[in-house]
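Read off the chains here:
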There are 2 protein chains.
Amino acid sequence: MSRVGLSRSVVLDTAARLADRDGLGALTVSAVARELGVRAPSLYSHVQNAEDLRAGVSAVALTELADRVDRALAGLAGRDALGALADTHRRYAREHPGRYAAAGVLDPASSHDLVQVGRRHAEQLLAVLRGYAVPPEDRVHAVRLVASVVRGFVDLEVGGALAGSEPPAAESWPRVLERLDHALRTWEAHP
Amino acid sequence: MSRVGLSRSVVLDTAARLADRDGLGALTVSAVARELGVRAPSLYSHVQNAEDLRAGVSAVALTELADRVDRALAGLAGRDALGALADTHRRYAREHPGRYAAAGVLDPASSHDLVQVGRRHAEQLLAVLRGYAVPPEDRVHAVRLVASVVRGFVDLEVGGALAGSEPPAAESWPRVLERLDHALRTWEAHP
DNA sequence: GGATATTGCCTATAGGTTGTAGGTCCCGTA
DNA sequence: TACGGGACCTACAACCTATAGGCAATATCC
C-alpha cells in the first residue's frame, strides 16, 4: 500500500476543512481518516485523541485568524483599526464556520499552544485601543468590551439567532460598530 | 420491573442536570438512561433521538432563563432594567453552564418551540430598550447590540477565555455594562 | 370481576466511533 | 546488504445510537 504522507498538519488541515464543510459536530477521527483515504487508527500517531484533534483545529483557526488580523490592521488606527479587526473576525467566521466554532471552545486544560495564540489576540485588541484615549488601568476592561461585542455579534449571526428577524444582520453590523467606537471614544476615568 | 415514571419533562430535566454537572459534551442518551436507572432504548419513547434531547435541553434552558428575566425586570426601567437583564443572564450561565451552553446552539432547523421562546427573549430586550430614547427604526440594531455584549461577555467568561488575565472578569462586568448603558443613552438617529 | 387494549420498559441486535495492541512493509542509512 | 524506524495496517474491546419486537403492569370496558 502506498503512503499517503500523513503528518499532524495534514491531519489538522483536513480536519479544519471537514469542520467547515460538515459542521464541527461532524468532526470525528473516523471522518478525517475517511477523507484522507486512510484507516482511523493511522491517525493516532499524529493526534493524541479526538479531543486533541479538536484542540488542534482550534489552534489552526486562532492562528489563521490572528494572521489575517495582523495584515488587516497594518497602517490603520482608531476607528479604522477597530473596523478592520471586527470585520476580519466576522468575515473569517462566515468563511470558516467550523474553524470559528472550534476557536470558540477553549478547554480549561488549554494547551500551551492555545494560550500563546490567545495572547496574540489580546495584543491585537490592545493595539486597536491605542487609537483611543482609554486610561491605562481601564484598558483590560475596554479590551473585554470589544471582544464581547465582536464575539457576541458574530456568534449570534453565524448561529442563526438573528436570521429570524428583519433587517438582515449585516445592516446592524456597522451600527453596532459605530456604538462601540463611540463607547471607546467617550471612555472616562472611573471615579 | 417497576415503572420509573418517565416522561419527556423528566428526561429533559435529568438531561439538563447532567449537562450542568458533566458538561454538554457528556450529554448522551446513555448517560441520561444510566442516571435514571433505566435502559437506553427506554428513552426513545420520550425523545426522538440524541439531537432532540439536546434541543429539548435548549428549550428548557431558554424558557427557564426567560422566566427569570421576567421576574428580574418587574418594576425596573432604564439602566436598572438593563443591569437586571444582563445580570440574570450572567448568573444563569454561571449556575447552569451546561444548560446555557445548550441554549447557545440553535439549529438551523429550529423547532417551533425554540422559535417561540426566542421571540420571548427578543421581547424582553425590547422592553429594556423602552427605557432609552432609541428611535423606533433603530431598535432592532440596539437589541442586537445588547444581545451581542451580554452573550459575548458571558461566553468569554464561562468559556474561560478571560481567566488568564487580571483583574477577574467580574470587575470588568460593571464597566462593560456602564459603557453599554452609555451607548444606548447617547443613541442618535442615523443620518 | 374478568377480558382487552394500551403503555412502559425490557432484551436483542446492528452499525458507527474511540482507542489500544501488535504486525507488516517501505525507505533511508550504515 | 542488513538494519532500524516510521507509516500504515488488521484485530479487537468498549461505548453510543437507534430500531424491532416482547412481556408485564395498568387502564378501560362489559
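Here the structure is a predicted model, which is why all the values come from computation and not from measurement.

### Considering the pattern of salt bridges
Residues and elements named next belong to chain A. Within this structure, the stated rule accounts for 32 salt bridges over all chains. The shortest N-O distance in the salt bridge between Arg-94 and Glu-157 comes to 2.7 Å. One end of the pair, Arg-94, is in helix α4 (residues 78-95); the other, Glu-157, is in helix α7 (residues 139-158), and 63 residues separate them in sequence. By relative accessible area, which is 14% here, Glu-157 ends up buried. Here Asp-155 and Arg-151 are joined by a salt bridge, their closest N and O atoms 3.1 Å apart. Of the two residues, Asp-155 and Arg-151 both sit in helix α7, four residues apart, roughly one turn of that helix. Of the two residues, Asp-155 and Arg-151, both sit in the buried class. Residues joined by salt bridges that share partners form a network here, namely Arg-17, Arg-21, Asp-22 and Glu-35.

### Structural notes on empty space enclosed by the protein
In this structure the tally under the stated criterion is one cavity of 30 Å³ or more. Taken as a whole, the largest cavity encloses approximately 60 Å³ of empty space. Every residue along the wall of the largest cavity is listed here: Leu145(A), Val149(A), Arg179(A), Leu180(A), Ala183(A), Leu145(B), Val149(B), Arg179(B), Leu180(B) and Ala183(B). At the level of elements, α7 and α8 (169-185) of chain A together with α7 (139-158) and α8 (169-185) of chain B are the ones that each hand at least two residues to the lining of the largest cavity.

### A look at the nonpolar core
Residues Leu145(A), Leu184(A), Leu145(B) and Leu184(B) are the most contacted members of the largest nonpolar core, which totals 82 residues. Ignoring anything within four residues of it in the chain, the contact list for Leu184(B) reads Leu82(B), Leu129(B), Tyr132(B), Val134(B), Ala142(B), Leu145(B) and Val146(B). Counting residues in hydrophobic clusters, the runner-up holds 20 residues, among them Leu12(B), Ala31(B), Ala33(B) and Ala102(B).

### Regarding the confidence of the model for chain A
For chain A, per-residue confidence averages 93 on the pLDDT scale, and residues scoring 70 or more make up 96% of the total. Model confidence for chain A, summarised as mean pLDDT per element, is weakest for helix α6 (residues 112-129) of chain A at 92 and strongest for α4(A) at 98.

### Here we look at the interface of chain B and chain A
Facing the 33 residues of chain B at the interface are 33 residues of chain A. Note on chain B versus chain A: buried area summed over both sides is about 2,900 Å², and carbon and sulfur give 59% of it. Contact with chain A buries area across many residues of chain B, yet Arg144(B), Arg175(B) and Arg179(B) alone supply 28% of it, more than any other trio. The interface formed by chain B and chain A holds two salt bridges in total. A salt bridge links Asp138(A) to Arg175(B); its shortest N-O distance comes to 2.7 Å. Run the count over chain B and chain A and you get 18 residue pairs in polar contact (both at pLDDT 80 or more). When contributions to the side of chain B that touches chain A are tallied by element, the ones reaching two or more residues are α7 and α8 of chain B. A breakdown of the residues in the side of chain B that touches chain A according to their chemical character gives 15 nonpolar, nine polar and nine charged.

Conventions used here
- Here, residues in each chain are numbered from 1, in the same order as that chain's written sequence.
- Chains carry letters from A onward and ligands carry numbers from 1 onward, assigned in written order.
- The predicted nature of this model means local features are confined to residues of pLDDT at least 70 and side-chain atom pairs, given and counted, to a pLDDT of 80 or more, with totals for whole chains, interfaces and linings taken over all residues.
- Only hydrogens and water are set aside; all other atoms, that is, all heavy atoms of the structure, feed into the side-chain values.
- What makes a salt bridge here is a side-chain nitrogen of Lys or Arg within 4 Å of a carboxyl oxygen of Asp or Glu, nothing more.
- A run of DSSP states H or I qualifies as a helix once it reaches four residues; a run of E qualifies as a strand once it reaches two. Both are numbered from the N-terminal end.
- Burial here depends on accessible area, computed with a 1.4 Å probe over protein chains only, as a share of the maximum for the residue type. Under 20% is buried, over 50% is exposed, and the range in between is partly exposed.
- Using only the protein atoms, space was sampled on a 1 Å grid; points where a 1.4 Å probe fits but cannot get out form cavities, open sets with protein on both sides within 12 Å along at least five of seven lines form pockets, and lining residues are those with an atom within 4 Å of a point.
- Grid points are joined across faces, edges and corners, and a volume is the space filled by probe spheres set on the points.
- Throughout this description, the term nonpolar core refers to a set of buried Ala, Val, Leu, Ile, Met, Phe, Trp, Tyr and Cys residues connected via side-chain atoms within 4.5 Å.
- By definition in these notes, contact holds between two residues if any of their heavy atoms fall within 4.5 Å.
- The predictor attaches a confidence to each residue, called pLDDT, with possible values from 0 through 100.
- Summed over both partners, the accessible area lost on bringing two parts together, with a 1.4 Å probe, is the buried area.
- The definition of a polar contact used here is a pair of N or O atoms within 3.5 Å, where within protein one atom must be able to donate a hydrogen and the other to accept one, and adjacent residues in sequence count solely through side-chain atom pairs.
- Side-chain classes are defined by residue name, with Ala, Val, Leu, Ile, Met, Phe, Trp, Tyr, Cys and Pro counting as nonpolar, Asp, Glu, Lys and Arg as charged, and the others, Gly among them, as polar.

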